[in-house]
Amino acid sequence: MTRRWKTIHPRVKGLLHGGDYNPDQWLDSPDVIDEDFRLMELAHANTFSVNIFGWSAIEPEEGVYRFEWLDRIMDRIAERGGHAILATPSGARPAWLSEKYPEVLRVGANRVRNLHGQRHNHCYTSPVYRQKTARLNRMLAERYKDHPALILWHVSNEYGGECHCDLCQEAFRNWLKQQYDHDLAKLNHAWWTVFWSHTFSEWSQIESPAPHGEDQVHGLNLDWKRFVTSQTIGFYNNEVKPLKEITPDIEVTTNFMGSYPLMKPDTGLNYEEFAKAVDVVSWDSYPAWHNDWQSTASLAKDVAFVNDLYRSLKDGRPFLIMESTPSQVNWHEINKAKRAGMHKLSTVQSVAHGSDSILYFQWRKSRGSSEKFHGAVIDHVGHEHTRVFADVAEVGDLLGKLPEISGTTVKAEVAIMFDWETEWALADAQGFGKNKKYIDTCQEHYRVFWEAGIPVDVITPDKPVNTYKLVIAPMLYMIREGFAEKMERYAEQGGTFVTTYMSGIVDRHDLVFSGGFPGPLKPLLGIWAEEVDSLYPKEVRHLVTSEGVRYQSHDYCELIHAVDAEVLARFDSDFYEGQPAVTVNRRGAGQAYYIASRNEARFHDDFYARLMKELNMAPPHAIQFPKGVSVQARTDGETDYIFVMNFTEERQTVKLDQDYRNLDSGHSIRGNVELQPYGVLILKPIS
């Protein structure tokens, strides 16, 4: 049964609203800081992330500390009843540290050490940097452990990147020894180094991938990415240790990223692993709204997918939007301002999919450097009489009306699988051309349920699946140990499993399975796959169902053979004419489907509509709504909160199936309701 999750701190009673606040940029202008606190009230802002890049303000020279400014800010936040998310400042270091301890600077894949500058330009293995950050974090924890404003630790900022210095090379070799039981023969076999005569005879011969060295051993590339994630988490844990020792009751997070500007999960780190180390997941959301390559509704689907992924990393616990922009960013190729209504709409979407916060980067625009034109609540004009500030104040007022939504979650009967390591391995795979589009494919399968208003969890392959009626794993190229057996049990106990072409190709070492594809999934699916035909962009093929319905296929068609499976559709042209295109294999009380080609959207609409009917799946409401309107729900197991969102630029009419209370206006509402372009409704059923 669904339950209400606890908030991140007992003092937090509702949704968080505010964002990154950098008073260290204005220490010589106390009038600006005074104005900030006046405007916080007008914006209905209750939460601020402070000290994210404050190292040089706290420690202007080695061993000289200046905490007084941070004391004043923390006290002022507490005086107005606000919350502070206190950051550790390791994301960028003072120049004195780089000058005195050059080993803390990163070395690139080209083996050249970086100069001082940028962010996250640090070696995560460096003992000096680990010692310096841990010492400063201990001082922060000791100083603010009992502060009434402190509700959460924000460790560093947007971890990412890699270092190839000698320290990291040695750490990588030691990590490999642990992974392969100190057996170099095991590593050579797993990496298939016999190819091109690349066999290693000593551990010292192994180096990280390099543009001017080894970068074609896929097992090496994959393990290096795993090591980078492991070493980054190790650095994070080094930062967290003093915080947990001194403030065990204060939870800890670090802000994950979607890769920009398309709102795809970042492929630099494995957030499945990183999520295990944080208490609450938070991420930075910067969609390219109003772009010229996809509709607003299409982008909204992509954003929803990523929100659902981050919610699912902690098994449904609400996540935090740690950064977003109330207006525009400064790093898209074209930096569009949000149109009227979009800020409120995008805010409501994040909350609808499980966020308990809307926080911004940043509160006030910087006067100089690279982000001086990045969107902020307070523009350079310095007052509240702007369109953006009015939008933020409107959102703050709305969030203040929704305290009962905090801690609720999403109850899903459908799971889409997304796997960071499959994404890494597919990126390396050289046999499938440039149209692999793994994440896009996952989002296309997700689209059908998003459009239907059926909640979805986006899970990783290691997550339990027994609570779902339907599990979909598009292009699951990599199959790790135990996965096939887990899915066999799932199907035998009544579950429905769907997978596609290019699944079950390699094991966790990126070694191709012997005996045909889809590897260990063959018994469950009742098929074997012979080869994949990659199509040119203008090429299309067709499949025809047993009922005679014809659909287009593009990019990939896979030649498969039915062994135990029933054939539901066949290709009707080319050398695979008459070969199976869609199959189902009945297993116990359940079933497993295989889709052998990338198909047009109409196929997915029809295929999943049939499955939804067969599995008796429906939205947690009976609201009628047109295409382009998204209807989502959060629940505590007793009360459902319904979010109706118009992602079109036209007025749309929805039909409410019962009496609801509009949580924004407070009025009761029923029947036909017109939504303005980018309009929203937040509804609570009236019993």
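Up top is the structure these notes are about.
Just so it is clear, the model here is predicted, and its values are computed rather than measured.

### A few points about the pattern of salt bridges
Using the criterion set out here, one finds 50 salt bridges in the structure. Across the pair Arg480 and Asp462 runs a salt bridge whose closest N-O atoms are separated by 3.5 Å. Of this pair, Arg480 sits in the loop between strand E13 (470–473) and helix H15 (483–492) while Asp462 sits in the loop between strand E12 (456–459) and E13, placing them 18 residues apart in sequence. Given a relative accessible area of 14%, Arg480 falls into the buried group. On the accessibility criterion, Asp462 (47% relative accessible area) is partly exposed. One salt bridge in this structure joins Glu539 and Arg541, with 2.9 Å as the shortest N-O distance. Overall, the relative accessible area of 24% leaves Glu539 in the partly exposed class. Look at the salt bridges and you will find they share partners, linking Asp223, Arg226, Glu272, Asp419, Glu421, Asp462 and Arg480 into a network.

### Quick word on the pairing of strand E25 (residues 668–675)
As paired elements, strand E24 (residues 652–662) and E25 share 7 bridges and run antiparallel to each other. In the strand pairing of E25, Tyr660 is matched with Ile669. Counting the residues that bridge the hairpin from E24 to E25 gives 5 residues, and of these Gly666 lies at a positive phi of roughly 85°.

### Remarks on the packing of helix H11 (residues 342–352) against helix H12 (residues 387–400)
The geometry of H11 relative to H12 is characterised by a closest axis approach of 9 Å and an angle of 35° between their N-to-C directions. For the pair H11 and H12, the crossing hand works out as right-handed. Listed contacts from H12 to His343, Lys344, Thr347, Val348 and Val351 of H11 are Asp391, Val392, Glu394, Val395, Leu398 and Leu399. The residue inventory of the contact of H11 with H12, partitioned by class, reads 6 nonpolar, 2 polar and 3 charged.

### Some thoughts on the pairing of strand E22 (residues 629–635)
Burial of E22 is extensive: 7 of the 7 residues sit out of reach of the surface. Burial along E22 is two-sided: the face carrying Val629, Val631, Ala633 and Thr635 and the face carrying Ser630, Gln632 and Arg634 are both buried. Sheet topology note: the E22/strand E23 (residues 640–646) ladder contains 7 bridges and is antiparallel. Counterpart to Val631 in the pairing with E23 is Val644. Between E22 and E23, which follow one another and run antiparallel, lie 4 residues, and Gly637 among them has a positive phi close to 100°.

### Here we look at the sheet that holds E25
Read from one edge to the other, the open sheet built from 5 strands follows the order E22-E23-E26-E24-E25, with strand pairing classed as antiparallel. Each edge of the sheet is formed by a strand with only one pairing partner; in this case those strands are E22 and E25. Direction aside, neighbouring strands of the sheet carry axes that sit 25° apart on average. Of the pairings in the sheet, the one linking E24 to strand E26 (residues 680–685) comprises 3 bridges and is antiparallel in character. Pairing of Arg661 across the sheet is with Lys684, part of E26. Contacting E22, E23 and E26, H11 runs over the sheet at an angle of about 145° to E23.

### A short note on unusual backbone geometry
A cis amide bond, omega 10°, links Phe361 with the succeeding residue Gln362. Cis geometry marks the peptide bond from Phe517 to Pro518, where omega comes out at 5°. With respect to the element layout, Pro518 can be found in the loop between strand E14 (496–500) and helix H16 (522–525). Here the phi dihedral of Arg111 falls at roughly 70°; this positive angle occurs in a residue that is not glycine.

The rules behind these values
- Residues numbered from 1 in each chain as written.
- Predicted model: local features only at pLDDT ≥ 70, side-chain atom pairs only at ≥ 80, totals over all residues.
- Heavy atoms only, no water.
- Salt bridge = Lys/Arg side-chain N within 4 Å of Asp/Glu carboxyl O.
- Helix = DSSP H or I, 4+ residues; strand = E, 2+ residues; numbered from the N terminus.
- Buried < 20%, exposed > 50% of the residue type's maximum accessible area, 1.4 Å probe, protein only.
- Pairing = 2+ DSSP bridges.
- Axes fitted to C-alpha atoms, helices over the stretch in contact; angles between N-to-C directions.
- Left-handed = near helix turned anticlockwise from the far one by under 90°.
- Contact = heavy atoms within 4.5 Å.
- Nonpolar A, V, L, I, M, F, W, Y, C, P; charged D, E, K, R; others polar.

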